[in-house]
Each structure stands twice: as structure tokens, then as C-alpha cells.
Amino acid sequence: GLRGADRYVFVVTCLYLVPKVLVFHPVLMALQLPALLLARCRVWSFVAPTFKVDRSTCGHRAYVAAAFLLALPALLVVIVSYLLDMVAYYAFSILYCAATCKWKQYGDSCRALQPYRGGPTVCSMGDFFVCMLGATWRQGALEATFMLASMW
């Protein structure tokens, strides 16, 4: 039943995510900090209150380019982390389906999720870095770094 499935998901998630977080979280924090410190410096250049970031200026474009270059090592680690997630979750799903013979339910779940595939993305780097400006303004660079590392 659902109780057994919930227990399985909880156990395999703990077995996978706890070591993953212990390894990747500090690495991501260290790799993201330079880009978020740059964001904090950029925020200091704004006139308060700033309700809209002018994205058409050369300064903003230079900020996005510099932030992207500083964030590139973290982005590579995020991609590796995501690929490991996909391998782990598919492996555990196949193992569960094989052990419980619930292939039909798996297919039903995949069909139910189909409309949501290809949803929102953070691939618009300009938008993403503007969001990071706001996060560093509100929380500061260190807390924004922690939140961002936790997101991945």
C-alpha cells in the first residue's frame, strides 16, 4: 500500500540525499559565493529605493557576463548533481517497480506528469542574476549563498 511506498521513498531518499548534501552543499556554497558577492557589490551601486533593474545598460550586461563567468564552476557542479539525482531516482524507481510489480502504476504516474514536463527554467541567466540581486539585497551574500546551494 501507500504506507510501504512512503516508507521506501523515505528510506532511499535518506540513503541518497544525506551523503549528497554533505558532499555537494559546502562545495556549492564555496563556488557560488564569488558570484553572489559580486551581486552584493552591484546592489550597493543602486539608488534606494530601486523598484526595477535597468537591464539595457552596459553596466548590467557586464555584471551578468561577469557573474556568469564566476558562477560557471558552480553551474558545472549543479549539472553533475542533477545527473546524479536522475540516476539515483530512476534506479530506485526501477528497483521498486521490479520488487513490487507495479509497472502499470509507474506508467500511469508518468502519463499524469506529462503535462508538467518542460516547465519553468532558470536558463535565462539575465533573469536569474537579477533575482540574485534581490536575494543579496534582502538576505545578504552569505544567506543568499546558503539558500542557493540548498536549492540545487
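Residues numbered from 1 in each chain as written. Predicted model: local features only at pLDDT ≥ 70, side-chain atom pairs only at ≥ 80, totals over all residues. Heavy atoms only, no water.

Visitor: Would you mind going over unusual backbone geometry in detail, with residue names and values included?
Guide: The backbone phi angle of Cys101 is positive, close to 55 degrees, even though this residue is not glycine. By secondary structure assignment, the location of Cys101 is in the loop between helix 2 (58-100) and helix 3 (103-113). Residue classification places Cys101 among the exposed residues on the basis of a relative accessible area of 62%. (Helix = DSSP H or I, 4+ residues; strand = E, 2+ residues; numbered from the N terminus. Buried < 20%, exposed > 50% of the residue type's maximum accessible area, 1.4 Å probe, protein only.)

Visitor: Talk me through the pattern of salt bridges; I want residue IDs and the actual numbers.
Guide: Scanning all chains against the criterion turns up four salt bridges. A salt bridge links Asp127 to Arg55; the shortest N-O distance between them is 2.3 Å. Of this pair, Asp127 sits in helix 4 (residues 125-139) while Arg55 sits in the loop between helix 1 (2-44) and helix 2, and the two are 72 residues apart along the sequence. Using a relative accessible area of 37% as the deciding quantity, one classes Asp127 as partly exposed. The salt bridge involving Lys104 is made with Asp108; its shortest N-O contact spans 3.0 Å. With a gap of four residues between them, Lys104 and Asp108 both fall in helix 3, about one helical turn apart. In this structure Lys104 comes out as exposed when scored by relative accessible area, which is 59%. Salt bridges sharing partners connect three or more residues here, namely Lys104, Asp108 and Arg111. (Salt bridge = Lys/Arg side-chain N within 4 Å of Asp/Glu carboxyl O.)

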